[in-house]
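Analysis of the macromolecular model
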There are 2 protein chains.
Amino acid sequence: MSNDTSRRSFLTKGLAAGAAATVATAAKAATPDPLITEVQPWAQSFGDGVDATPYGLPTAHEGDVIRRNVEWLTADTVSSINFTPIHALDGTITPQGCAFERHHSGAIDLKKEDYRLMINGLVDNPLVFSYADLERFPRQNHVYFCECAANTGMEWAGAQLNGAQFTHGMIHNMEYTGVPLRTLLEEAGLDTAGDLKDKWVFVEGADASSNGRSIPMAKALDDCLIAFKANGEALRKEHGYPVRLVVPGWEGNMWVKWIRRIEVMDGPVESREETSKYTDTLEDGTSRKWTWEMDAKSVVTSPSPQSPITHGKGPLVVSGLAWSGRGAITRVDVSKDGGMTWETARLAKPGEKMALTRFYLDTEWDGSEMMLQSRAMDETGYVQPTKAQLREVRGLNSIYHNNCIQTWLVRANGEAENVEVS
Amino acid sequence: MSNDTSRRSFLTKGLAAGAAATVATAAKAATPDPLITEVQPWAQSFGDGVDATPYGLPTAHEGDVIRRNVEWLTADTVSSINFTPIHALDGTITPQGCAFERHHSGAIDLKKEDYRLMINGLVDNPLVFSYADLERFPRQNHVYFCECAANTGMEWAGAQLNGAQFTHGMIHNMEYTGVPLRTLLEEAGLDTAGDLKDKWVFVEGADASSNGRSIPMAKALDDCLIAFKANGEALRKEHGYPVRLVVPGWEGNMWVKWIRRIEVMDGPVESREETSKYTDTLEDGTSRKWTWEMDAKSVVTSPSPQSPITHGKGPLVVSGLAWSGRGAITRVDVSKDGGMTWETARLAKPGEKMALTRFYLDTEWDGSEMMLQSRAMDETGYVQPTKAQLREVRGLNSIYHNNCIQTWLVRANGEAENVEVS
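In the annotation of an unreviewed UniProt entry, the entry for chain A reads Sulfane dehydrogenase subunit SoxC, and the organism field reads Sulfitobacter noctilucicola. The heading Cofactor (unreviewed entry) in the UniProt record of chain A holds the text "Mo-molybdopterin".

Structure below.
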């Protein structure tokens, strides 16, 4: 087959999914060699040896796929957030290297050898565990999402941040390995067969802020993990090395990093982090008490403002993420007309409890404007609400737990922007 | 609770899983502050801000958890291997940054914008796809292991490499996102409803070695992926950026990186990479033709030579990995006495097809020597063989497809070494 033949075959194939795109790309390619549009040339020299990257980083060509913070959002980067580049990712796993961070007093440096975890309070045998101790208890592995309660928080009052990374990127999804908190509480002499319905644990980190939070005992004994690995390897410093708490499905602020102490108590502490912060202001000015679970939510990651359509009309993959703190995602719908009509998306895999689910809508784009939305449903029957529905209950002054349907206006030129539908 | 109280409670709790370890660790801790053995001190200053790590790397404390090559194994690092630090990982996902590499002529630098994939040969419409074209076809996500056919190859003749990283580390396990090869072949006009039983595809990379391999059409149409993401993000350069072939369950050499061309043919090419290399020498000096599938296999990753037991007797977590190229792992057994008696390990999750499965044996160590082994079984009923069983068929001169049971001698001091059992 000559290159001419392949070119002709491709271009005369009127319905070929890629035809328009190839022409467009070829026209843009700034190469002097006309054959580059046809055949990938062979390398004429050696590439890097296996000693080039003892621990590897992304190629420089992907240098813009990084966590990013928003300068005006916080006064200082030690108490701030950066956002996962979800617009550029696919699948479900978030690499640790670009997984969002939230610190209240910066990411601290601890060594495994120095690490200690105390369990005290209303237990028969208060204990202090070293890291080596933790490794001697039976471990579990689970993929869970961790979402900041403030994710999408800037969008209450209107469409403000232009990009899925910034509107929805306070989330990551990793395979955590750790010891069930239940196991360690039992080791400390907690009678888990007893009446514990009024008992709580208070958890605090070793960073200067300590970030203390109260967790009802039922959750502590259900599925919380004392985790030391994420995606197979040690936690990164910024994710709580050497040990963090995992509270599946509940707001990220409770996933205490550099966890140093767990106190069993007969009530919640009502700490700063669960009163003046991380509570939800309602329309009447009062605040909801205890809103821990992350409600079902979804977002189209591509196309989106940072991931425009660069090809013409024809085949288009619409892709996004859905998740629920109450269990597995069972269905995601996608609308191209701002919620008037919906098509059911394809889930890449059956939803898993408290883990990100990837959805795709394999569709044809007619080249006209779209108001793209996605709507998640979980196994409890919960349906992700519109922004208007949320505002009816919550008003405009909330910060946390905004799980409303997101709208991207996709223009005829393929560019997208963050908009509201009335 | 005072620190004294907690200390006393812990130390007097004779059966506490961690007691011995804590004493040992505390004794070793070179801190001048006696309280360090009791309570993790709070940080007295801020840590890193969120702008410290736009793309993060592991903490320096984990600086030894890296891919490593073996200097004497190959003449040059551009045609060489480095090994995943499986002895230090847990869970199942391998981060791209420490996932093993094998190159035949080095890792080459390509840009998405310049990338082209040709499908030609016995198809009605030969096509050349740009990267942007590939993004317009329906995608799938799957976690698959990729194992080099030579993994464990140095062990045929005896116990040679002292560490799970080196005996079994030519493997990784990632969540791949890509387009089914079937879809692209159909796009190029292959009649997948026709009689294709004698048809093959020949696949080649854009690196100087090209690494051409023949794949029977049934496999090409079954589950092969043209993949562009691993663990959510773009492939790293050393893993074939921007596009590699994924051939689930089959030897890693077929997972062509920087894939440039796929030719449909009426027979195999019998290229260098499938004749003089990547064939298995039998005891009689002849070679097996076509041994693509990776047989069921497992290894204890901890304790192991690079991951000794550092605590005394008592609770011990034995952990390892199991996998099969023929489907899901259904059971893993662990022996402490070189295969005389076996205990069934706990699988962290039900096995998934052609993906790593993590197993644990939560046990008590009496402090005496162990001959640790693991034995995997898959859904086809296949049982991982002993080295003696393999040698009966394959002799001593093979390189590839060594899936025999591995033995670690764990000494009373907790150190481990690679040994053979007769």
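Describing the confidence of the model for chain A
The pLDDT averaged across chain A works out to 90; a share of 91% of its residues lies at or above 70. Confidence drops under a pLDDT of 50 for residues 1–36 of chain A, and excluding neighbours within four residues, the segment shows 54 contacts in the predicted structure.

Looking at the pattern of salt bridges
All names here are of chain A. Counted according to the given criterion, the structure contains 62 salt bridges over all chains. The closest approach of N and O atoms between Arg-358 and Asp-90, which form a salt bridge, is 3.5 Å. Placement of Arg-358 in strand S20 (residues 357–365) and of Asp-90 in the loop between strand S1 (80–82) and strand S2 (101–103) is noted, with a sequence separation of 268 residues between them. Both residues of the pair, Arg-358 and Asp-90, belong to the buried class.

A look at the pairing of strand S5 (residues 140–147) of chain B
Residue and element names in this part refer to chain B. The element S5 is extensively covered by neighbouring structure, given that six of its eight residues are classed as buried. Relative to strand S6 (residues 171–180), S5 runs antiparallel, the two being bridged by eight bridges. Among the inter-strand pairings, Glu-147 is bridged to a residue of S6, identified as Ile-171.

Some details on the interface of chain B and chain A
Each partner contributes residues to the interface: chain B has 122 residues there, and chain A has 121 residues. Taken together, both faces of the contact between chain B and chain A bury some 10,400 Å²; the carbon and sulfur share is 55%. The three residues of chain B that bury the most area against chain A are Gln40(B), Val50(B) and Arg136(B), which together make up 9% of that side's buried surface. For Asp90(B), the salt bridge goes to Arg139(A), with nearest N and O atoms at 2.6 Å.

Side note on the environment of Cys404(A)
Residues and elements named next belong to chain A. Along the polypeptide, Cys-404 turns up in the loop between helix H7 (387–394) and strand S22 (407–410). Residue Cys-404 is classed as buried on the basis of its relative accessible area of 1%. Residues Cys-404 and Ala-296, spaced 108 residues apart in sequence, show a C-alpha to C-alpha distance of 9.1 Å. When residues no more than four places from it in sequence are discounted, the contact partners of Cys-404 are Gln-384, Pro-385, Thr-386, Lys-387 and Leu-390.

Describing the sheet that holds S20(A)
Residue and element names in this part refer to chain A. The four strands are arranged S15-S16-S20-S19 in an open sheet whose pairing can be described as antiparallel. Since the sheet does not close on itself, it has two edges, and those belong to strand S15 (297–302) and strand S19 (346–347), each with one partner. Pairing of strand S16 (residues 314–323) with S20 involves nine bridges; the strand directions are antiparallel. For Leu-316, the partnering residue across the bridge sits in S20 and is Thr-363.

Some thoughts on the sheet that holds strand S12 (residues 259–265) of chain B
Sheet strands pair via backbone hydrogen bonds, and the direction of the pair is either parallel or antiparallel. Residues and elements named next belong to chain B. Judged by pairing direction, the sheet is mixed, and its five strands sit side by side in the order S4-S3-S12-S7-S8 without closing on themselves. Since the sheet does not close on itself, it has two edges, and those belong to strand S4 (127–130) and strand S8 (213–216), each with one partner. The mean inter-strand angle of the sheet, taken between neighbouring strand axes irrespective of direction, is 20 degrees. Bridge analysis of strand S7 (residues 200–205) against S8 gives four bridges, and the strand direction is antiparallel. Within S8, the residue paired with Val-203 across the bridge is Arg-213.

Examining the relation of the copies chain B and chain A
The transformation that overlays chain B on chain A combines an axial shift of 0.0 Å with a rotation of 180 degrees, and the residual RMSD is 0.0 Å. Viewed as a symmetry operation, the transformation between the two copies matches a two-fold axis. Within chain B, Pro95(B) has its C-alpha nearest the rotation axis, a separation of 3.6 Å. When the interface residues of chain B are mapped onto chain A, 99% of them are again interface residues, pointing to one common binding face.

Considerations on the packing of aromatic side chains
Residue and element names in this part refer to chain A. If you walk through the whole model with that rule in mind, you get 20 aromatic pairs over all chains. Geometrically, the ring pair formed by Tyr-131 and Phe-228 is edge-to-face, given 5.6 Å between the ring centres and 70 degrees between the ring planes. Placement of the pair is Tyr-131 in helix H3 (residues 131–134) and Phe-228 in strand S9 (residues 225–230), with a sequence separation of 97 residues. You'll find Tyr-131 and Phe-228 in the same group, each marked buried.

Quick word on unusual backbone geometry
In this structure, the amide linkage connecting Tyr241(B) to the following residue, Pro242(B), adopts the cis form with an omega of 5 degrees. When you line up the elements, Pro242(B) lands in the loop between strand S10 (233–234) and strand S11 (244–246). Of note, the bond from Ser302(B) into Pro303(B) is cis; its omega dihedral lies within 30 degrees of zero at 0 degrees. Examined against the element boundaries, Pro303(B) turns out to sit in the loop between strand S15 (297–302) and strand S16 (314–323). The phi angle at Tyr278(A) is positive, at roughly 60 degrees, despite the residue not being glycine. Summarising the element assignment, Tyr278(A) is placed in the loop between strand S12 (259–265) and strand S13 (280–281). Here Tyr278(A) falls in the buried class, since its relative accessible area comes to 5%.

Quick notes on helix H7 (residues 387–394) of chain B
For an α-helix the count is 3.6 residues per turn, leaving residues at separations of three or four pointing the same way. Residue and element names in this part refer to chain B. Burial in H7 covers these residues: Lys-387, Leu-390 and Arg-394. Viewed along the axis of H7, the buried residues span an arc of 65 degrees, placing them on a single side of the element. Exposed and facing more than 90 degrees away from the buried side of H7 are Glu-392 and Val-393. Check the buried side of H7 and you find it contacts strand S13 (280–281) and strand S14 (287–288).

Brief notes about the environment of Arg411(A)
All names here are of chain A. The topology assignment puts Arg-411 in the loop between S22 and strand S23 (416–419). With relative accessibility at 32%, the residue Arg-411 sits in the partly exposed group. Spatially, the C-alpha atom of Arg-411 lies 17 Å from that of Val-334, the residues being 77 residues apart in sequence. Those residues within four positions of Arg-411 in sequence are excluded, and the remaining contacts are Trp-365, Glu-369 and Glu-417.

Quick look at H7(A)
In this structure, the buried residues of H7(A) make contact with S13 and strand S14 (287–288) of chain A. Of the residues trailing H7(A), Gly395(A) is marked for its positive phi of about 75 degrees.

Brief notes about the environment of Ser130(A)
Along the chain, Ser130(A) turns up in strand S4 (residues 127–130). Sequence separation of Ser130(A) and Lys112(A) is 18 residues, and the distance between their C-alpha atoms is 8.1 Å.

Some thoughts on the pairing of strand S3 (residues 116–121) of chain A
All names here are of chain A. Extensive coverage of S3 is indicated by the burial of five of its six residues. Pairing between S3 and S4: four bridges, direction antiparallel. Within S4, the position partnered with Arg-116 by the bridge is Ser-130. Hairpin geometry of S3 and S4 is characterised by an intervening segment of five residues between the two adjacent antiparallel strands. Pairing analysis gives four bridges linking S3 to S12, with the strands arranged parallel. Paired with Asn-120 across the two strands is Glu-263, which belongs to S12.

Some thoughts on the state of the cysteines
Summed over the entire model, instances satisfying the criterion amount to zero disulfides over all chains. Cysteine Cys148(A) is unpaired, with the sulfur of Cys146(A) as its nearest cysteine sulfur at 8.1 Å.

Rules used throughout
Residues numbered from 1 in each chain as written. Chains lettered and ligands numbered in written order. Predicted model: local features only at pLDDT ≥ 70, side-chain atom pairs only at ≥ 80, totals over all residues. Heavy atoms only, no water. UniProt positions renumbered as here; feature names shortened; annotations may be inferred. pLDDT = per-residue confidence, 0-100. Contact = heavy atoms within 4.5 Å. Salt bridge = Lys/Arg side-chain N within 4 Å of Asp/Glu carboxyl O. Helix = DSSP H or I, 4+ residues; strand = E, 2+ residues; numbered from the N terminus. Buried < 20%, exposed > 50% of the residue type's maximum accessible area, 1.4 Å probe, protein only. Pairing = 2+ DSSP bridges. Buried area = accessible area lost by both parts, 1.4 Å probe. Axes fitted to C-alpha atoms, helices over the stretch in contact; angles between N-to-C directions. Least-squares fit on C-alpha atoms with pLDDT ≥ 70 in both. Phe/Tyr/Trp six-rings, centres within 6.5 Å; stacked < 30°, edge-to-face > 60°. Arc of directions from axis to C-beta. Disulfide = S-S within 2.5 Å.

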